[in-house]
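Structural characterization, general
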Amino acid sequence: MSDTSTETAIESYRQTLSELADLVGAEGHTENTRRRERLADQLQTQRRLLRGSPEGQAAITALLADPRPAVRVWSAGHALLWDEDRARPALMEIRDDPLQYGLHSIVAKHTLLEYDAGRLDADARLPGG
């Protein structure tokens with residue numbers, strides 16, 4: 001991927017993830033499931049493009065510090081495959097506080113369970129996501 005296409009893919013990933021975070025809010029709830037599914041599918045396609053480059057991986061991993069839980073859970077679930085040391089604590093924080101994070105907590109829990117069992121598919125969406 002060229003520098004320009006990598007930058008475009010990174011920006012698309014960030015934009016899609018931001019839209020998804022705005023849609024589902026702090027606890028992961030939405031009444032617009034059709035839009036949520038569309039955004040999750042777009043995010044998955046964009047992640048496949050980015051995971052193959054160090055710049056793409058770094059851009060996804062950098063989102064672990066975002067204040068929005070949806071951004072953290074999705075980026076951590078994606079980054080878990082190449083940066084477990086940074087991604088796991090982000091997922092554990094969300095998993096361990098279901099009263100604050102709602103459905104995001106369930107996604108984090110099942111992502112970690114699948115990863116630990118060796119079943120987290122790099123080409124599939126996050127479990128429950």
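Residues numbered from 1 in each chain as written. Predicted model: local features only at pLDDT ≥ 70, side-chain atom pairs only at ≥ 80, totals over all residues. Heavy atoms only, no water.

**Things to note about the environment of E114**
Filter applied, for reference: Helix and strand assignments come from DSSP, with helices taken as H or I runs of at least 4 residues and strands as E runs of at least 2, each series counted from the N terminus. We call two residues contacting when some pair of their heavy atoms lies within 4.5 Å.
By secondary structure assignment, the location of E114 is in helix α7 (residues 103–116). A C-alpha to C-alpha distance of 12 Å links E114 and R125, two positions 11 residues apart in sequence. Aside from chain neighbours lying at most four places away, what touches E114 is R119, L120 and P127.

**A short note on the packing of helix α5 (residues 84–95) against α7**
The relative placement of two packed helices is expressed as an angle between their axes plus a distance between the axes. This is how the line gets drawn: Axis lines are fitted to C-alpha atoms, over the contacting stretch for helices. Their N-to-C directions set the angle, which ranges from 0 to 180 degrees. Should an angle lie under 35 degrees it is considered roughly parallel, over 145 roughly antiparallel, and from 65 to 115 roughly perpendicular; all remaining angles are considered oblique. By definition, any crossing whose near helix is turned counterclockwise from its far helix by less than a right angle is left-handed, and any crossing with a clockwise turn is right-handed. The nonpolar class holds Ala, Val, Leu, Ile, Met, Phe, Trp, Tyr, Cys and Pro. Asp, Glu, Lys and Arg form the charged class, and all remaining residues, Gly among them, are polar.
The contact between α5 and α7 brings their axes to 8 Å, and the two run at 135°. As far as their axial angle goes, α7 and α5 are oblique. In terms of crossing hand, the pair formed by α5 and α7 is left-handed. Judged by residue contacts, E84, R88, L91, M92, I94 and R95 of α5 engage H104, S105, A108, K109, T111, L112, Y115 and D116 from α7. Classifying every residue of the contact of α5 with α7 gives 6 nonpolar, 3 polar and 5 charged.

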